[in-house]
Amino acid sequence: MTRASVLTETLRTRFRNAWRLFREFSGERAYEIYLEHRRRHHPGEPVMSEREFWRRHIDARDTDPRSTCC
Amino acid sequence: MLGAIAWAIIALIRGEEVSAAWLVFAAVASYAIAYRFYARFIAYRVLKVDDTRATPAERLDNGVDYHPTDRRVLFGHHFAAIAGAGPLVGPVLAAQMGYLPGTIWIIVGVIFAGAVQDMVVLFFSMRRSGRSLGQMAREEIGPVGGAAALIAVLAIMIILLAVLALVVVNALKGSPWGTFSIAMTIPIALFMGFYLRYLRPGRVVETSVIGVALLLLAIVGGGWVAESGLADTFTLSGEALVVSLVIYGFVASVLPVWMLLAPRDYLSAFMKVGVVVLLAVSILLAWPTLQTEAFTDFAFNGQGPVFAGSLFPFVFIIIACGALSGFHALVSSGTTPKMIMKESQVRVIGYGGMLTESFVAVMALVAACIIDPGLYFAMNMPGTVLGDTLESASAAVAQIGFTITPDQLAEAARAVEEETLVGRSGGAPTLAVGISYILSDIFGGDAFQAFWYHFAIMFEALFILTTVDAGTRVGRFMLQDTVGNVWKKAGDVSWKPGIYVSSAIIVGAWGYFLWAGVRDPLGGINQLFPLFGIANQLLAAIALAVCTTLLIKSGRAKWAWVTLVPLAWDAVVTLTASWQKVFSSDPAVGFFAQREQFQNALEAGKTSLGTAKTPEQMEQVVFNTTVDGVLAALFAILVVVILVDAARVWIKALRSGGTLPTHEDPYVESKLWAPSGLIATAEERRIMKERETKEHEAAGAPS
């Protein structure tokens, strides 16, 4: 591999990681995290569809308001 | 090194022009030193964080609230949860005493008190599966301390919501541009809510980007509306805004979260991080000069028009968020401990997160101190003192020793395209003017000053409305939970009548203070903000008392000074402030002295006194000061109750040989590994690589 391609490869990985972190910060990775969790802790069991997951995910906050400060 | 130079420059350049950037440098350098040494000392020597021990996120991982989260993401979430309008408002009000008292307290306070509290609470809550502060107070101190903590939390919540809502009202009254922009955030949030629910579930980034774009459009649109025939529709009086806010607060707290609250949260989080970065970069680029003196006379004579009382204790009360904020203990013992991956990360998330908020507070102080002091006081003195015209305002400012001509006042208002800036107290407009100077210096020049002003108003109001939504809801849950202990049905959080009644009670409570604040002849924010500060520091006293108790009970009495010293300081400040608010014979400071003054005047048949122009207004003052005085006394009593109850436990622990059983979760060995700091060290990166290759081999082995 040439030096330039190593560099672009590193940059690409860096960018991909940063984007992933950003999406996780925004809350967008919630479903992926749920799937990972099911795969690791309850392999083979059925999982919720994406739409159903999001519905429950947001509705859960109806009964769990988080304190935020001033 | 840079920090020492920056501090030296601040100390030496007296009477000359000081660049605001030195304040920022001094802050950042001090933070770096404190984080490197003091936070490390607390984490490893005092708390003894143990990375071989599984955190609740690992042990109880359920993919929902307990979930090991990347430290960088969690840092962002924690920061977004603790920082809002608070660190932006307090420093602005404290600027009446000059830039130095505020700066020193923000920096020293955060290093030795605020950040310590956040980190230690986070640590102890993490060792208890993420128990809340109230639960910890009950379990570790006793039922009395626990009950006092619960009352304190509810009381502070209500005062907090009223004060924040008052800030919004003062920023928006008589401003069609601002009112339109803020009003538009409601349909924007609703649109985002429906979009996320029905059109594109889960596309949070996409939805937020659309939302932010619409928000910017709403700010620009506000400028058009202000010049069109619609301007009158959006020009609202303070009272009308109070009514709208109360209705909004009620509706928002009973609507399902997905419609309004969730999308608003996404928007605020994006704006928060974006604006903080934007502001930091701009201050460094614009290098603005401070216009305020290091200390004004008000620091010593206690006659300041923005809030009365002398430097001690009131600077330490007015600046809560950014230096020491008890409210953070609720976040540090809420969601964050359930998501932390490694014990050592409490340092970066608890201590580091608070340092970041403190940095925001320093920037707010800078923004307030680059404004001409004459304009600052014209904006922040009570409206009744300033009178109705620019001339009277100019005269009122001259009265306290500063100068600004009516023409300058008119010009300042024109620059941000507002009818007037006189009497726009509450901190938000002052900050917005400061921010508009800084940002228009870098982006767009004078032509953009009005845009940046309204941009700043918008993002502050956005935070505040998000807090009003969420706070009313949290308050409602606490109320339902409390009543639920006695009457089970009321505790059911999905029982509609229960929801409506408890929401109405909470909204009514903060609505009352808001209404009284808007109509207060003495200027509501001046009266209410100290009360809010006292309540917040009271909560800090509870949090620090719980921490100290736990340090002593777990046999670490020799390290207890780490939280005991800030606790002692905080108790002295809070109690002195409450004492003065209750017993001071100076009517400008003491609520009851003020009450008596007005009561006597009424009985003597006078029809006006000071800024209260009618007997009705005077009666109003009598009533308001009674309520405020009783609250100040109540807060002080709560602090004393908790401290006495905690001290009882300390003595008991020390007598029984230095330890008492605590409710700490048993040790479970951790299988996870993660770096401690925000950026992984070379050593950590090596371990990370090794573990990855090992995992790879393990996964590849069976085949």
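Let us look at the structure shown here. (Residues numbered from 1 in each chain as written. Chains lettered and ligands numbered in written order. Predicted model: local features only at pLDDT ≥ 70, side-chain atom pairs only at ≥ 80, totals over all residues. Heavy atoms only, no water.)

### Re the overall build of chain B
Move 1: Each helix and strand in chain B was counted, giving 28 helices and zero strands.
Move 2: The C-alpha atoms of chain B give a radius of gyration of 25 Å, which matches the 27 Å a tight globule of 703 residues would have.
Move 3: The C-alpha extent of chain B, read off along each of the three principal axes, is 85 × 65 × 55 Å.
Move 4: When each of the 703 residues of chain B is scored for burial, the buried share is 61%.
Move 5: Residue pairs in contact within chain B that sit at least 24 positions apart in sequence constitute 82% of those at least 6 positions apart.
Move 6: With an accessible surface of roughly 25,700 Å², chain B has 65% of that area assigned to carbon and sulfur atoms. (Helix = DSSP H or I, 4+ residues; strand = E, 2+ residues; numbered from the N terminus. Rg over C-alpha atoms; globule rule 2.2 N^0.38 Å. Buried < 20%, exposed > 50% of the residue type's maximum accessible area, 1.4 Å probe, protein only. Contact = heavy atoms within 4.5 Å. Areas by Shrake-Rupley, 256 points an atom, 1.4 Å probe, with all protein chains shown as cover.)

### Re the pattern of salt bridges
Move 1: Under the counting rule described, the total for this entry stands at 27 salt bridges over all chains.
Move 2: Of the charged contacts in the structure, one is a salt bridge between E139(B) and R131(B), with a shortest N-O distance of 3.0 Å.
Move 3: In this structure E139(B) comes out as partly exposed when scored by relative accessible area, which is 26%.
Move 4: According to the relative accessible area criterion, R131(B) is partly exposed, its value standing at 25%.
Move 5: When salt bridges that share partners are traced, they join R23(A), E24(A), E28(A), R29(A), E32(A) and E36(A) into one network. (Salt bridge = Lys/Arg side-chain N within 4 Å of Asp/Glu carboxyl O.)

### A short note on the interface of chain B and chain A
Move 1: In this complex, chain B contributes 54 residues to the contact, which on the side of chain A involves 29 residues.
Move 2: Between chain B and chain A we count three salt bridges in total.
Move 3: Tallied by class, the residues present in the side of chain B that touches chain A amount to 32 nonpolar, 14 polar and eight charged. (Nonpolar A, V, L, I, M, F, W, Y, C, P; charged D, E, K, R; others polar.)

### Examining the environment of W515(B)
Residue and element names in this part refer to chain B.
Move 1: Looking at the element boundaries, W515 is found in helix α23 (residues 496-519).
Move 2: The partly exposed category is assigned to W515, whose relative accessible area is 35%.
Move 3: Through-space distance from the C-alpha of W515 to that of D118 is 33 Å; in sequence the pair is 397 residues apart.
Move 4: Those residues in contact with W515, other than ones at most four positions away along the chain, are E239, V242 and V243.

### Thoughts on the side chain of E684(B)
Residues and elements named next belong to chain B.
Move 1: Mapped onto the fold, E684 is located in helix α28 (residues 682-700).
Move 2: For the buried E684, no salt bridge exists, and the shortest N-O distance to an oppositely charged side chain is 6.0 Å, to R71.
Move 3: Excluding residues within four positions of it along the chain, E684 makes contact with W673, P675, S676, G677 and I679. (Lys, Arg positive; Asp, Glu negative; His and termini not counted.)

### So, helix α7 (residues 133-141) of chain B
Residues and elements named next belong to chain B.
Move 1: For α7, the set of buried residues is L133, M136, A137, E140 and I141. Looking straight down α7, one finds its buried side chains confined to an arc of 100°; they lie on one side.
Move 2: Check the buried side of α7 and you find it contacts α6 (99-126), α8 (143-172), α15 (328-332), α24 (524-553) and α27 (615-655).
Move 3: Following α7 by one or two positions, G142 has its phi on the positive side, about 150°. (Arc of directions from axis to C-beta.)

### Remarks on the packing of helix α9 (residues 176-199) of chain B against helix α12 (residues 261-286) of chain B
Residues and elements named next belong to chain B.
Move 1: At a closest axis distance of 8 Å, the pairing of α9 and α12 adopts a crossing angle of 110°. Relative to α12, the element α9 lies roughly perpendicular. For the pair α9 and α12, the contacting residues are T185, I186, I188, A189, M192, G193 and L196 in the first and P263, R264, Y266 and L267 in the second.
Move 2: Taken together, the residues of the contact of α9 with α12 sort by class into eight nonpolar, two polar and one charged. (Axes fitted to C-alpha atoms, helices over the stretch in contact; angles between N-to-C directions. Parallel < 35°, antiparallel > 145°, perpendicular 65-115°, else oblique.)

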